[in-house]
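Summary of the model geometry
Here is what each chain is made of, one letter per residue.
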Amino acid sequence: MCGIVGYVGKRSSIQILIDGLKRLEYRGYDSAGIAFQNGGGIEVYKTKGKINNLQNILPTPAIDARVGLGHTRWATHGTPSSRNAHPHGADGVVVVHNGIIENYCELKSRLIAEGHEFSSDTDTEVIPQMISRYMKEGFSLMDAIKETTSRLRGSFAVGIISKTHPDTLFAIRKGSPLVLGIGDGEYFIASDTPAILPYTRRFIFMEDGQMCVLRNEGFELLHLFSDDAVSIEDRIVEVDWTPSMAEKEGYPHFMLKEIHEQPRAIRDTISEWIDDPLKLLDEFGLTMRMTIELSRLQIVACGTSYHAGLVGRHIIESLTHIPVDVEIASEYRYREPIIDNGTLFISITQSGETADTLAAQREAKTRGAGTLTCCNVVGSTSSREADSILYTRAGPEIGVASTKTFTAQIAALCLVAIALGIRRGRLTSREASSLKSLLIKVPALIEKVLKSDSQIRDLAKTLIYAKDFLYLGRGVNYPVALEGALKLKEISYIHAEGYPAGEMKHGPIALIEEGLPVVVVAPVDDLYEKTLSNIEEVKARGGRVIALTDEPARLRDKVDDLIEVPSTHPVLSPFVNVVPLQLLAYHVGVLRGCDVDQPRNLAKSVTVE
């Protein structure tokens, strides 16, 4: 979950590395550092804290260094400190690393017994120590890297420079994401494409077991444990994101910008397929017979994507009558999932690199399931490994707390549901046409909700001292309650829990006391009267009810605070109901002085267990 960046080229590397790290800071911000070739050796600068702290200790004027590495850390082994910040080095070999070396204790003990001295508590430091050891035994640098890598267990992406090869950068991928950027006479490595979008849109997404050797004159992509070259024919991906998409563009925070980008993200996600959703099934390779024989869908995801999957279950079951299971990837991968004939597995992942989701997808594929991934990043691991892909077109999401990818994922699942409903004969042409029309209108409805931003900010001012929140919802909006609670605790550090409203009397009602904020998602639908009973139960016990509804007149005398949302089809109501909860969490976090883009202890892409 750390971020790494590297550069080889004709320009000075230092500013390129710093710019890249700033664009990767959502991956980790406990400490940061850079290393670069200075013409006579390697200089390393690193410090605890964010990139600004690193900039304060860099030499001035900047050195004209043409080869360098950078790293921003999310701590796994060793506390956040300058001592544990990357890069790490030994005898002129310097390394940055994203991932976990699972057998580092065993390797470190052996190296210490041989007389090696360690200067950090990290797992990473065994890598340069081992490379140095093999070089002293007569190995070439390339062979020392290969020998070291063969002895590492775990998941890692590594960048390496050495004083013996001042014009060369080595990059290795095994499990953790790493991309190669191809510029005009210059080359980059990065954990994610936004880091280097200002410099190139041409990328190769490295695969497991590959090494890249980058020099001024070009690069080689190799199989790590052989001398065989990897053909780059058809491997170069042109990314259509622009550098400005990874900038704040006048917003105070990425999170607020991304909340406001949701209408565009949904339009872009559905635009290719909405006229004829059946094209999706053809794209997936699902014939009429295969579609009819589908017996179950398994949706697997983590965090916010899991909540999108829960919404998707309601929509798909409602429109297709196909049973849908939704599971947390970290649980799915470690049990014995039952996959029958006719099971379609769907992974949902913003980055396409989430470790648990990838492992679950591989497990399902091994057991014979057809695999479909709903993913936001072209060329990512999940998109390369799945049988079929449905891309969300949300653009880069920089804020750690996901917002626009949540609604884009729901939009993508709506397309799947409509297509399956049509082909299986569960939706008439009139019903399908109506749903498509209503889905097309969702972005405009969200734009209406966004106009309530100042009202929600005023409400947030009255809630910043609350210590606990409850969020309640029913049916398709129960996952919206879960997502609202997750957003609040992620970015404001207030304890919040989401529950199905019908579960109130089975325990959560014991938590209600005078003034406790209880956010209730209460659209006027088939379950409205039952939700109203839950509101009365909360009020009878002194709770403060904040209700989201599309008919405020019905609730005005029954709740403490009202947030009005537009009416839409019941299965589409999560789109309009989640946006006020995102805004509420955002404003509470900002008013409490929290870093809403980079909340403590979190990172954007969870690429390790």
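What counts, and at which threshold
- Along each chain, numbering runs from 1 in the same order as the chain's sequence is written.
- The predicted origin of the model limits local features to residues at a pLDDT of at least 70 and limits the giving and counting of side-chain atom pairs to 80 or more, whereas totals for whole chains, interfaces and linings rest on all residues.
- To obtain the side-chain values, all non-hydrogen atoms of the structure were included, while hydrogens and water were left out.
- Criterion for a salt bridge: a side-chain nitrogen of Lys or Arg within 4 Å of a carboxyl oxygen of Asp or Glu.
- Think of it in three bands: residues with accessible area under 20% of the maximum for their type are buried, residues over 50% are exposed, and the middle band is partly exposed, with areas taken using a 1.4 Å probe on protein chains only.
- A pair of strands is labelled paired if DSSP reports no fewer than 2 bridges between them.
- Helix numbers and strand numbers start at the N terminus; a helix is a DSSP run of H or I with at least 4 residues, a strand a run of E with at least 2.
- Only heavy atoms matter for contacts: two residues are in contact if any of them lie within 4.5 Å across the pair.
- Think of each axis as a best-fit line through the C-alpha atoms, taken over the contacting stretch in the case of a helix, with angles from 0 to 180 degrees between the N-to-C directions.
- Here, nonpolar core means buried Ala, Val, Leu, Ile, Met, Phe, Trp, Tyr and Cys residues that are tied together by side-chain atoms lying within 4.5 Å of each other.
- Note that the domain bounds reflect an automated or database-derived domain assignment.
- Once two parts are joined, some of their accessible surface, as seen by a 1.4 Å probe, is lost; buried area is that loss totalled over both.
- For this analysis, a polar contact is any N or O atom pair within 3.5 Å, provided that within protein one partner can donate a hydrogen and the other can accept it, and provided that sequence-adjacent residues contribute only side-chain to side-chain pairs.
- Three residue categories are used. Nonpolar comprises Ala, Val, Leu, Ile, Met, Phe, Trp, Tyr, Cys and Pro, charged comprises Asp, Glu, Lys and Arg, and polar comprises the others, including Gly.
- Each residue after the first adds 1.5 Å to the expected span of a helix.
- What is called the bend at a residue is the angle between a pair of axes, fitted to the seven residues leading up to and ending at it and to the seven starting from it.
- Roughly parallel means an angle under 35 degrees; roughly antiparallel, over 145; roughly perpendicular, 65 to 115; everything else is oblique.
- Left-handed is the label given to a crossing in which the near helix is rotated counterclockwise from the far helix by less than a right angle, and right-handed is the label when the rotation is clockwise.
- Between 30 and 60 degrees the pair is tilted, below 30 it is stacked and above 60 it is edge-to-face, where a pair is any two Phe, Tyr or Trp rings, Trp via its six-membered ring, whose centres lie within 6.5 Å.
- Only lysine NZ and arginine CZ atoms are considered, and such an atom sits over a ring when it is within 6 Å of the ring centre and within 35 degrees of the ring normal.

**Description of the pattern of salt bridges**
All chains considered together, the criterion is met by 41 salt bridges. We note a salt bridge from Glu363 to Arg367, for which the minimum N-O separation is 2.5 Å. Of the residues examined, Arg367 reaches a relative accessible area of 31% and is grouped as partly exposed. The residue Glu497 makes a salt bridge to Lys489 at a minimum N-O spacing of 3.9 Å. Relative accessible area serves as the criterion here: at 24%, Glu497 is assigned to the partly exposed category. Through salt bridges with shared partners, a single network forms among Glu249, Lys257, Glu261 and Lys404.

**Remarks on the sheet that holds strand β1 (residues 3-8)**
Overall, antiparallel pairing links the 8 strands, which are arranged β3-β2-β4-β1-β10-β9-β11-β14 in an open sheet. Every other strand in the sheet has two partners, leaving β3 (42-48) and β14 (237-238) as the edge strands with one partner each. This element, helix α1 (residues 13-24), spans β1, β2 (31-37), β4 (67-73) and β10 (187-190) of the sheet and lies at about 155 degrees to β1.

**Overview of the nonpolar core**
Formed by 89 residues in total, the largest nonpolar core has its most connected members in Leu297, Ile315, Leu439, Phe469, Tyr471, Phe575 and Leu584. When residues of this core are sorted by domain, at least three fall in each of domain 2 (248-427) and domain 3 (450-600). In this view, Leu584 contacts Ile456, Leu459, Ala460, Leu463, Tyr471 and Val519; residues no more than four positions away in its chain are not counted. Within the second largest apolar cluster, 36 residues are counted, among which are Leu21, Ala32, Phe36 and Ile196.

**Looking at the domain arrangement of the protein**
For the protein, the assigned domains read domain 1 (3-246), domain 2 (248-427) and domain 3 (450-600). Taken over C-alpha atoms, the centre of domain 1 sits 32 Å from the centre of domain 2. At the interface, 14 residues of domain 1 touch 17 residues of domain 2. Summed over both partners, the interface of domain 1 with domain 2 comes to about 1,400 Å²; 60% of that surface belongs to carbon and sulfur atoms. Looking at the side of domain 1 facing domain 2, the largest losses of area belong to Phe205, Trp241 and Met245, adding up to 37% of the total buried there. For the pair domain 1 and domain 2, the interface holds 2 salt bridges. Of the charged contacts, one joins Glu207 and Arg384 as a salt bridge, the two residues approaching to 3.5 Å between their closest N and O atoms. At the boundary of domain 1 and domain 2, one finds 2 residue pairs in polar contact (both at pLDDT 80 or more). Its residues assigned to classes, the side of domain 1 that touches domain 2 comprises 10 nonpolar, 1 polar and 3 charged.

**Brief notes about helix α15 (residues 429-450)**
Structurally, the α-helix is built with 3.6 residues per turn, so residues lying three or four positions apart point the same way. In a regular helix each residue adds 1.5 Å, so 22 residues correspond to 32 Å; α15 covers 32 Å between its end C-alpha atoms and thus fits that length. Helix geometry: α15 is bent most strongly at Val442, by close to 35 degrees, with proline Pro443 lying one to four residues after it. Of all the residues in α15, the buried ones are Ala432, Leu435, Lys436, Leu439, Val442, Pro443, Leu445, Ile446, Val449 and Leu450. The elements touched by buried residues of α15 are α6 (254-260), α7 (262-271), α10 (303-320), α14 (404-423), α16 (453-461) and α19 (573-591).

**Describing the packing of α10 against helix α17 (residues 478-492)**
Here α10 crosses α17 at 165 degrees, and the two axes come no closer than 9 Å. With respect to α17, the axis of α10 lies roughly antiparallel. Handedness of the crossing formed by α10 with α17: left-handed. Here Gly303, Thr304, His307, Leu310 and Val311 of α10 lie close against α17, whose contacting residues are Pro479, Leu482, Glu483, Leu486 and Lys487. Residue composition of the contact of α10 with α17, by class: 5 nonpolar, 3 polar and 2 charged.

**What about the packing of aromatic side chains?**
Scanning the model with the defined rule gives 7 aromatic pairs in all. Here Tyr332 and Phe345 contribute two aromatic rings whose centre-to-centre distance is 5.6 Å and whose plane-to-plane angle is 55 degrees, an arrangement assigned as tilted. Of this pair, Tyr332 sits in helix α11 (residues 329-332) while Phe345 sits in strand β17 (residues 343-349), and the two are 13 residues apart along the sequence. Using a relative accessible area of 0% as the deciding quantity, one classes Phe345 as buried. When the ring centre of Tyr29 is taken as reference, the NZ or CZ atom of Lys50 above it lies at 5.4 Å. Above the plane of the ring of Tyr493 lies Arg600, whose end atom (NZ or CZ) is 3.9 Å from the centre.

**Details of the sheet that holds strand β24 (residues 561-564)**
With respect to topology, 5 strands assemble into an open sheet ordered β21-β20-β22-β23-β24, the strand pairing being parallel. Edge strands, defined here as strands with exactly one partner in the open sheet, are β21 (495-500) and β24. Put simply, the sheet's adjacent strands are angled 20 degrees from each other on average, direction ignored. Pairing between strand β23 (residues 544-549) and β24: 4 bridges, direction parallel. Within β24, the position partnered with Thr549 by the bridge is Glu564. Running at roughly 170 degrees to strand β22 (residues 517-521), helix α18 (residues 528-540) makes contact with β20 (468-473), β22 and β23 of the sheet.

**Some thoughts on the environment of Phe188**
Tracing the backbone through its elements, the reader meets Phe188 in strand β10. In this structure the C-alpha to C-alpha distance between Phe188 and Leu169, which are 19 residues apart in sequence, comes to 9.4 Å. Dropping the residues within four chain positions of it, Phe188 is found in contact with Gly6, Tyr7, Ile16, Val179, Leu180, Gly181, Gly183, Ile196, Tyr199, Thr200 and Leu214.

**Considerations on the pairing of β10**
Burial along β10 is two-sided: the residues Tyr187 and Ile189 and Phe188 and Ala190 are all buried. When strand β9 (residues 179-182) meets β10, the two strands line up antiparallel, connected through 4 bridges. In the sheet register, Ile182 faces β10, and the bridge partner there is Tyr187. The hairpin turn running from β9 into β10, its antiparallel successor, is 4 residues long, and Gly185 in that turn takes a positive phi close to 75 degrees.

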